[in-house]
Amino acid sequence: MINNYLHGQYAFMLPTATVVATSCQLAGIGGAALFSPIFLLVFPYLGPQYPLESAGAALASALLTECFGFASGLSGYARRGLVDWEVAGRFLTVSIPTALLGALSAKYVASNPVLLQSLYATLMLGLSCYLLLAPRPEEVAKLAAEEECDVDGFFADGRAVRYKIAADGTEFSYLSPPRGGSKSSIMATSAGGSLTGILGVGIGEVVLPQLVRGCCMPLPVAAGTSVAIVVTTALTAAVVQFLTLAASVEGSLVEGLVAVVPLNLVQYTVPGVLLGGQLAPFLASRETFSDEDIERFAATLFAIVGTAFAIKASTGIIGS
């Protein structure tokens, strides 16, 4: 049985998923950003038996894989008491509905290859610029401190100060999000949720800066709370995408899910991202790679993938 597993059709995706998950988590980017391009661009080159049944199945599989990867990290944050579930819930009231809408529209996006490739080209090139130009979370936290992010002085605007005690006894204090949310926050979270629903990436990149700068939340709690929002939002989108695919298959819903979920693929990608979710914090703690090297590598990789999608969308050369 073990021998069959090690020599399965997609066995190479176990180490691949581990490397992708580790790299993406070190760079602070959702794993779906690279899994979808692998499924859509690389698999067709490996032979006719490798590509998934549809682009929709590729998107949903990438989202499902990402959920397990981030869930591995979330369990660690939760054990350390670094997740503010109430604050996460406030953002989820915006991100989940928009992710649902995005997931429902993913079927139509996936059915239009040129549109899908164009969106991915824009996303990949945008992420490349984001990694090169956007300040790291540590720098955002430093900026917030320099702006005198003193929670004791914020009672005037009606926002309560929240206190969080971690498992090791460390006490954190920060501001609650504005009741009802600000317009800019709602717009940014809605955009991130919609993009996550369609392509699997976006919500984490827009939520973390809001928590650090908007709520003066210390980085450890902000990171844990952001991961909770990402997992819940991405899982919602993945479930909707798979249910949509299953509904198009004859038979019961369960039979449809069995038919559309590529178990022969996810049996390798899920363990890989679970391993990567534990390996990334270990490498980060040992400072094996510098932040600049990681971000430079990821930005270059995203730029190459984005360019490949752009060429495919405009000429249909790659992977045709």
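Everything below is about the structure shown above.
Residues numbered from 1 in each chain as written. Predicted model: local features only at pLDDT ≥ 70, side-chain atom pairs only at ≥ 80, totals over all residues. Heavy atoms only, no water.

### Structural notes on the state of the cysteines
Right, so step 1: By the definition in use, this model includes 0 disulfides.
Right, so step 2: Free cysteine: C215, not disulfide-bonded; nearest cysteine sulfur from C216 at 7.7 Å. (Disulfide = S-S within 2.5 Å.)

### Thoughts on the pairing of strand β1 (residues 161-165)
Both faces of the sheet carry side chains from a regular strand, because those side chains alternate between them.
Right, so step 1: Pairing geometry for β1 and strand β2 (residues 171-175), over 5 bridges, is antiparallel. When the bridges of β2 are listed, R162 appears paired with Y174.
Right, so step 2: Hairpin geometry of β1 and β2 is characterised by an intervening segment of 5 residues between the two adjacent antiparallel strands and by a positive phi of about 95° at G169. (Pairing = 2+ DSSP bridges. Helix = DSSP H or I, 4+ residues; strand = E, 2+ residues; numbered from the N terminus.)

### Topic: the nonpolar core
Right, so step 1: Core analysis: the largest hydrophobic core is formed by 52 residues, its most contacted members being M13, F39 and Y120.
Right, so step 2: Dropping the residues within four chain positions of it, F39 is found in contact with M13, P44, L52, A58, S61, A62, L265 and T269.
Right, so step 3: Ranked by size, the runner-up nonpolar core spans 25 residues in total, among them I203, C215, A228 and V231. (Core = buried A, V, L, I, M, F, W, Y, C linked by side-chain atoms within 4.5 Å. Buried < 20%, exposed > 50% of the residue type's maximum accessible area, 1.4 Å probe, protein only. Contact = heavy atoms within 4.5 Å.)

### Concerning the packing of aromatic side chains
Two aromatic rings are characterised by how far apart their centres lie and by the angle between their planes.
Right, so step 1: Counting across every chain of the model gives 9 aromatic pairs.
Right, so step 2: Taking the centre distance of 5.8 Å and the plane angle of 80° together, the rings of Y10 and Y50 count as edge-to-face. Of this pair, Y10 sits in the loop between α1 (2-6) and α2 (13-27) while Y50 sits in the loop between α3 (32-46) and α4 (55-79), placing them 40 residues apart in sequence.
Right, so step 3: Its relative accessible area of 16% is what places Y50 among the buried residues.
Right, so step 4: Pairing Y120 with F309 gives two aromatic rings, centres 5.2 Å apart and planes at 20°, and the pair type is stacked. Here the residue Y120 occupies a position in helix α6 (residues 113-133), and F309 occupies one in helix α13 (residues 291-315), the gap between them amounting to 189 residues. Residues Y120 and F309 agree in their burial class; the two are buried.
Right, so step 5: Site record: aromatic cluster; members linked through ring pairs are Y10, F12, F35, F39, F43 and Y50. (Phe/Tyr/Trp six-rings, centres within 6.5 Å; stacked < 30°, edge-to-face > 60°.)

### Describing unusual backbone geometry
Right, so step 1: Despite not being glycine, C216 shows a phi value in the positive range, around 55°.
Right, so step 2: Looking at the element boundaries, C216 is found in the loop between α9 (203-214) and α10 (219-247).
Right, so step 3: C216 gets classed as buried once you look at its relative accessible area, which sits at 11%.

### As for α6
Right, so step 1: With 21 residues, α6 ought to run about 30 Å at 1.5 Å a step, and its terminal C-alpha atoms sit 30 Å apart, in line with that.
Right, so step 2: For α6, the complete set of buried residues consists of L116, Q117, Y120, A121, L123, M124, L127, S128 and L131. Considered in projection along α6, the buried side chains sweep an arc of 165° and stay on one side of the axis. Pointing more than 90 degrees away from the buried face of α6 are the exposed residues T122 and L133. (Expected span 1.5 Å × (residues − 1). Arc of directions from axis to C-beta.)

### Some thoughts on the pattern of salt bridges
Right, so step 1: Taken as a whole and assessed by the stated rule, the structure comprises 3 salt bridges.
Right, so step 2: A salt bridge links D84 to R162; the shortest N-O distance between them is 2.9 Å. Remark: R162 occurs in strand β1 and D84 occurs in the loop between α4 and α5 (85-110); sequence separation between them is 78 residues. Taken individually, D84 and R162 each receive the classification buried, so the pair is uniform in this respect. (Salt bridge = Lys/Arg side-chain N within 4 Å of Asp/Glu carboxyl O.)

All quantities given are derived from atomic positions and should not be read as evidence of function.
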